[in-house]
Amino acid sequence: MSSFRRDKKEDEDGGNMFVSLEKTTILQEARKFNDTTVNPRKCTPILTKLLFLLYQGELLTVKEATDVFFAMTKLFQSKDVVLRRMVYLGIKELSCIADDVIIVTSSLTKDMTGKEDIYRPAAIRALCSITDATMLQAIERYMKQAIVDRNSAVSSAALVSSLHLTKLAPDVIKRWVNEAQEAINSDNIMVQYHALGLLYHIRKTDRLAVTKLVAKLTKMSLKSPYAVCMLIRITAKLLDEEESLNDTAMIEFMEYCLRHKSEMVVYEAAHAIVNLKRTTSRELAPAISVLQLFCGSAKPTLRFAAVRTLNQVAITHPSAVTACNLDLENLITDSNRSIATLAITTLLKTGAESSVDRLMKQIATFVSEISDEFKVVVVQAIRALALKFPRKHSVLMNFLSAMLREEGGLEYKASIADTIITIIEDNPDAKETGLAHLCEFIEDCEHFSLAVRILHLLGKEGPKTKQPSRYIRFIYNRVILECPSIRAAAVSSMAQFGASCPDLLENIQVLLARCQMDSDDEVRDRATYYSNILSKQDKSLYNNYVLDTLQVSIPSLEKSLREYTQGSTNQPFDMKSVPLQAIPTSREEEHHKHKPDGMLVSAGPIKAAVSNKQVNYAEKISELPEILDMGSLFKTSEVVELTESETEYFVRCIKHCYAKHMVLQFDCLNTLSDQLLEKVKIQVDPSEGYRVVQEFPCPKLPYNETGTAYVVVEFPEEDLVGTVGTFGAVMKFVVKDCDPTTGLPDTDEGYDDEYMLEDLEITLGDQIQKVSKANWQVSWEEAEKSFEEREDTYSLSTFNSLEEAVKNIVQYLGLQPCERSDKVQEGKTTHTLLLAGVYRGGYEVLVRAKLALSEGVTMQLTVRSADAEVAELITATVG
Amino acid sequence: MEGSLLEPTLYTVKGILILDNDGQRILARYYAKNIFPTPKEQKAFEKNLFNKTHRANAEIIMLDGLTCVYRSNVDLFFYVMGSSQENELILMSVLNCLYDTVSQILRKNVERRGVLDYLDIIMLAIDEICDGGIILDADPSSVVSRVALRGEDIPLSEQTVAQVFQSAKEQLKWSLLK
């Protein structure tokens, strides 16, 4: 063997054998495996190279994999230890690609039960990777023996493999619980850890059993630090789920673990304690002081772990973390930038209003030294701080503008600009200074996309300031100095001023006239377009073509136009047939925010537009056989759950609204492993006026798979008020009992069954698409002439605050709040909520809700809509 | 704050990685199917990870939703990845085990060339450290004793008693067979 090593070194010159390997050559070489006498000295390097290729990400076809797999089985003839072990690795790697892998079962079983201890553990793991549910029963006896084997490696391998197999055959593994129980008493630390993992996995659905397990093990003092960590996690989960639990013993166990000799366990316990929902300040104190100690550790990982946990705690218990402020400030200069950034953001979270100035000074020196990604994290923390302490906006704004002037990449600059924009939107006092900083920034900004965005913002916000004229200079400077895309944006921005500020109109027209001589087509076109509209002096034209831009979803518009040009109709293109742009819901924004501090994210592909989800649904529905032609999809509502999440069948409904129809999409999940459902259909019992038009049952619903059934209903034609109602729903299906391990039905005969679902509400919001109006007031005034108006007064006694009322009204009506009227200023007793949207069929709706707080909330609701019935509907359903 | 308590599971390690000093992959094992399912995504992640870590000797970094602990020597970079909520010290113990195991196998000459020379043994060692994301063993000498390394390949001083015993037994067996 040693001579083989030397040979290889001489022949191949150390490692060069792995340079520029080709899949085909290796597969060719692998034919050597079939030689009558196996030569380990030749075969081992070939197998190593093959595995190296697979680990590099090379993909084999099923045929290639099967061929090489079969050749590999010949190597079992050799007694060479390394070769045999490499064969196991090869088996594991190929088992998911190749066919008929069970062929090696008997060879592996022989190795697993043989005398060679060096083979047995690895053979068990290889065997379990090729085993399926039926084969498992054949080796069950051996596995049970292996779990309690005296050799710890064998026992560990068997336990770990069992855990892998629980996905495949949970019921079989459950029968091994006694063996696992025995293994937990093992002297070997890893066996103990693996046994606890398996035991918990088997029992985790049975809370009583888990409680008993925890009670027993916490007294036993496990040897393995890994096992103790696992036990802490189990205990913490129990404590968090069961409020009323008699918990003193468990809490004591956690506190005891804070004094464990292994740092791993101490950290795990501290982390668990601070994250428990029920933790009181008395329990928190020792955990925090442990973390504080870790902050001063020499090991970067330990400091990192501590500061990351403190960062999380800063959200829930900011006061507890203030004790560590001094240690955290020391970490700002840490050589590991992740640690320093986490420390900064933690300090920013816990900082009091008075300490903001001092902190910002400290950050200023720090920021110049770190890379862009970390700067972005810091900027985000500053944004949170600005929202928390609005009065400090001038300090923070100065700081941000200083950061803007420094060198930095697009992402970093964009995040600063975003932060300034957020501060402007949130805090009216900061608007003028914020805009001034941004104006200064675009004077010298090398990122086109950012300059365009800021110009757009200036166009929207500038006209509303006290002195709009001062922004014109900044904007016109761009026209003189920049590239075409920025010039075009500047032209649009100026037009906004022209439309909103009559006294500036004349000057703007002069500037636009100059722009019409521009060398770029787009700039010239825009200038001509705007100067024409502005010369008409017509408010409604301004509103529709300058201030409010196109509301439709761009991908849908593209699709509709393509279809239109391909079809041969003489009809003009109807803009109303294009679905509107869905406004991202706050949930998606929150999802975006839910990122731990200090996490770096590499720039991936830009997320597909929100509306794509809707386009996908529309495509799926249009692919249903013989579906009615309903026009284009108008709106898709949020998912509604029609069952509790832990029932036999899990059903969710998504409502898709069309002009005259509604498609109910039912996503059903079968959670019973011994049942196969067929012909699953949802029978709805619609409210009066509705008519069920078509039903599309789901043909087959096997265990743990989601199937979809559709029901198409037609809206009541005459009575719009009747469109808001409640549907009863029952799921009907044919049940076939089946074998849980294979999923094959026992008999061909099934029986009918049904399952009651919760009622389905069809609300007003399902039929209304949100539309954002940049200049709501103008639209409102204009609507006075042409639209129908309805007005009514309501007393909303269930709400105790204006915020609550606003939130509920927005949600109920499904309209978009405009001009940031969804934010109620603190301490006020009256509020006006401005809403806009479009009703199905393309009827525009504007709503003004005047709210007053006095023992409940009183609301005066004024609705203006293009259609009288729609206005009627809204006033009728509210209340 | 939801979900900051750790789920009790043995599936701790999301990936183990050995790169050379050009950022090229020598060995990579990804254990969770849902993260970086395709080789292309893996390579992109590795490139990014290498760029962020090869100069800063900082031991730990959070990248693309993963906590990565790392250690380098001469022309090699060793990484162990886990979820961003994972106990970093557990990951560190795995990394230390990986490094010390490789170091023992290569008799302290932890270099790219050595790793490639003993690639088969190192593959076996990684397989003994982590099985499908579960930490199988975190004690380097125990891992070394489990991989099929012949007695003469490690110096006597670094062998455990069991290993010496094992090799003695084997030699005896061979001499009897002759």
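Residues numbered from 1 in each chain as written. Chains lettered and ligands numbered in written order. Predicted model: local features only at pLDDT ≥ 70, side-chain atom pairs only at ≥ 80, totals over all residues. Heavy atoms only, no water.

For chain B, the name recorded in an unreviewed UniProt entry is Coatomer subunit zeta, with Brassicogethes aeneus as its organism. The UniProt entry for chain B carries this comment under Sequence similarities (unreviewed entry): "Belongs to the adaptor complexes small subunit family." In its Subunit (unreviewed entry) section, the UniProt entry covering chain B states "Oligomeric complex that consists of at least the alpha, beta, beta', gamma, delta, epsilon and zeta subunits." (UniProt positions renumbered as here; feature names shortened; annotations may be inferred.)

Within an unreviewed UniProt entry, the label attached to chain A reads Coatomer subunit gamma, and the organism entered is Brassicogethes aeneus. Comment text from UniProt for chain A, heading Sequence similarities (unreviewed entry), reads "Belongs to the COPG family." According to the UniProt record, the Subunit (unreviewed entry) comment for chain A reads "Oligomeric complex that consists of at least the alpha, beta, beta', gamma, delta, epsilon and zeta subunits."

Broken down by element type, chain A carries 38 helices and 17 strands. Across the 879 residues in chain A, those meeting the buried criterion constitute 53%. On chain A, roughly 41300 Å² of surface is accessible, and the fraction owed to carbon and sulfur atoms is 50%. (Helix = DSSP H or I, 4+ residues; strand = E, 2+ residues; numbered from the N terminus. Buried < 20%, exposed > 50% of the residue type's maximum accessible area, 1.4 Å probe, protein only. Areas by Shrake-Rupley, 256 points an atom, 1.4 Å probe, with all protein chains shown as cover.)

Per the secondary structure count, chain B includes 6 helices and 7 strands. Helices (α) and strands (β) of chain B occur, in sequence order from the N terminus, as β-β-α-β-β-β-α-α-α-β-β-α-α. Taking as baseline every contact in chain B between residues at least 6 positions apart, the subset at least 24 positions apart corresponds to 51%. Split by element, the accessible area of chain B, about 7300 Å² in all, is 52% carbon and sulfur. (Contact = heavy atoms within 4.5 Å.)

Let us now look at helix H15 (residues 248-257) of chain A. Buried residues of H15 of chain A: Met250, Ile251, Phe253, Met254, Glu255 and Cys257 of chain A, and no others. The inward-facing, buried residues of H15 of chain A abut helix H13 (207-220), helix H14 (225-241), helix H16 (263-275) and helix H17 (281-295) of chain A.

Attention now moves to the packing of aromatic side chains. The way to describe two aromatic rings as a pair is by their centre distance and the angle between their planes. Applying the stated criterion to the full structure yields 14 aromatic pairs over all chains. Centre to centre, the rings of tyrosine 30 of chain B and phenylalanine 36 of chain B are 6.0 Å apart; their planes meet at 80°, and the pair counts as edge-to-face. Here tyrosine 30 of chain B matches phenylalanine 36 of chain B in class, with each residue buried. A connected cluster of aromatic rings, assembled from ring pairs, spans Phe76, Tyr88 and Tyr119 of chain A. Cation over ring: arginine 840 of chain A sits above phenylalanine 715 of chain A, and NZ or CZ is 3.5 Å from the ring centre. Over the aromatic face of tyrosine 99 of chain B sits the side chain of arginine 71 of chain B, whose NZ or CZ is 3.8 Å from the ring centroid. (Phe/Tyr/Trp six-rings, centres within 6.5 Å; stacked < 30°, edge-to-face > 60°. Lys NZ or Arg CZ within 6 Å of the ring centre and 35° of its normal.)

Take the sheet that holds strand S3 (residues 60-63) of chain B next. Residues and elements named next belong to chain B. The strand order across the open sheet built from 5 strands is S2-S1-S5-S4-S3, with neighbouring strands paired in antiparallel fashion. Pairing within the sheet leaves two strands with one partner each, and these edge strands are strand S2 (25-30) and S3. Sheet twist, expressed as the average angle between the axes of neighbouring strands with direction ignored, equals 20°. As judged from the 8 bridges shared by strand S4 (residues 66-73) and strand S5 (residues 76-83), these two strands associate in the antiparallel manner. For threonine 67, the partnering residue across the bridge sits in S5 and is glycine 82. Packed onto the sheet, helix H2 (residues 88-105) meets strand S1 (13-20), S3, S4 and S5 and runs at close to 30° relative to S4. (Pairing = 2+ DSSP bridges. Axes fitted to C-alpha atoms, helices over the stretch in contact; angles between N-to-C directions.)

What follows covers the nonpolar core. Side chains of a nonpolar character, in soluble globular proteins, are inclined to be buried together. Counting 256 residues, the largest nonpolar core has Leu196 of chain A together with Ile122 of chain B as the members making the most contacts within it. Among residues more than four places away in sequence, those in contact with isoleucine 122 of chain B are Ile18, Leu27, Val102, Ile105, Leu106 and Val115 of chain B. Counting 32 residues, the second-largest nonpolar core is a separate cluster that includes Val651, Tyr690, Phe727 and Leu760 of chain A. (Core = buried A, V, L, I, M, F, W, Y, C linked by side-chain atoms within 4.5 Å.)

Moving on to the state of the cysteines. All names here are of chain A. Inspection of the entire model under this criterion finds 0 disulfides over all chains. Here cysteine 698 stays unpaired: no disulfide links it, and the sulfur of cysteine 668, its closest cysteine neighbor, is 6.5 Å away. For cysteine 698, a relative accessible area of 6% translates into the label buried. (Disulfide = S-S within 2.5 Å.)

For the rest of this paragraph, the subject is the packing of helix H29 (residues 484-500) of chain A against helix H31 (residues 521-535) of chain A. All names here are of chain A. It is at 9 Å that the axes of H29 and H31 come closest, and there the two elements cross at 5°. Considering their axes alone, H29 and H31 lie roughly parallel with respect to each other. On H31, the residues that touch Pro484, Arg487, Ala488, Ala489, Val491, Ser492, Ala495, Gly498 and Ala499 of H29 are Glu522, Val523, Arg526, Ala527, Tyr530 and Leu534. For the contact of H29 with H31, a count of residues per class yields 10 nonpolar, 2 polar and 3 charged. (Parallel < 35°, antiparallel > 145°, perpendicular 65-115°, else oblique. Nonpolar A, V, L, I, M, F, W, Y, C, P; charged D, E, K, R; others polar.)

Take the pairing of strand S8 (residues 706-714) of chain A next. Residues and elements named next belong to chain A. Counting buried positions along S8 gives 7 out of 9 residues, so the element sits mostly inside the fold. Relative to S8, strand S4 (residues 661-670) runs antiparallel, the two being bridged by 9 bridges. Bridge pairing in S8 places leucine 669 opposite threonine 706. Bridging between strand S6 (residues 691-696) and S8 involves 5 bridges; their strand directions are antiparallel. Looking at S8, one finds that arginine 691 is bridged to glutamate 714.

Counting residues at the interface gives 73 residues for chain A, matched by 65 residues for chain B. Together, the buried faces of chain A and chain B total about 6500 Å²; carbon and sulfur atoms form 59% of this surface. Two residues, arginine 29 of chain B and glutamate 93 of chain A, come together in a salt bridge whose shortest N-O distance is 3.1 Å. Across the chain A-chain B interface, the total number found is 28 residue pairs in polar contact (both at pLDDT 80 or more). Within the residue set of the side of chain A that touches chain B, elements represented by two or more residues are helix H1 (2-12), helix H3 (40-55), helix H5 (81-94), helix H9 (152-165), helix H12 (189-203), H14, H16 and helix H18 (300-316) of chain A. Among the residues forming the side of chain A that touches chain B, the class breakdown is 34 nonpolar, 20 polar and 19 charged. (Buried area = accessible area lost by both parts, 1.4 Å probe. Salt bridge = Lys/Arg side-chain N within 4 Å of Asp/Glu carboxyl O. Polar contact = N/O pair within 3.5 Å; in protein donor to acceptor, adjacent residues only side chain to side chain.)

Within the element layout of this structure, proline 300 of chain A appears in helix H18. Residue classification places proline 300 of chain A among the buried residues on the basis of a relative accessible area of 17%. In the structure, proline 300 of chain A is positioned 39 residues away from isoleucine 339 of chain A in sequence and 8.1 Å away in space, judged by C-alpha atoms. Apart from the residues lying within four places of it in its own chain, the contact partners of proline 300 of chain A are Ile339 of chain A together with Ala58, Glu59 and Ile60 of chain B.

This part is about helix H6 (residues 105-113) of chain A. It helps to recall that an α-helix has 3.6 residues per turn; residues three or four apart then point in one direction. Residues and elements named next belong to chain A. Along H6, the positions that sit buried rather than exposed are Thr105, Leu108, Thr109, Asp111 and Met112. End-on, the buried residues of H6 take up no more than an arc of 165°, which puts them together on one face. Facing away from the buried side of H6 by over 90 degrees, the exposed positions are Ser106 and Lys110. In this structure, the buried residues of H6 make contact with H5, helix H7 (120-130) and helix H8 (133-147). (Arc of directions from axis to C-beta.)

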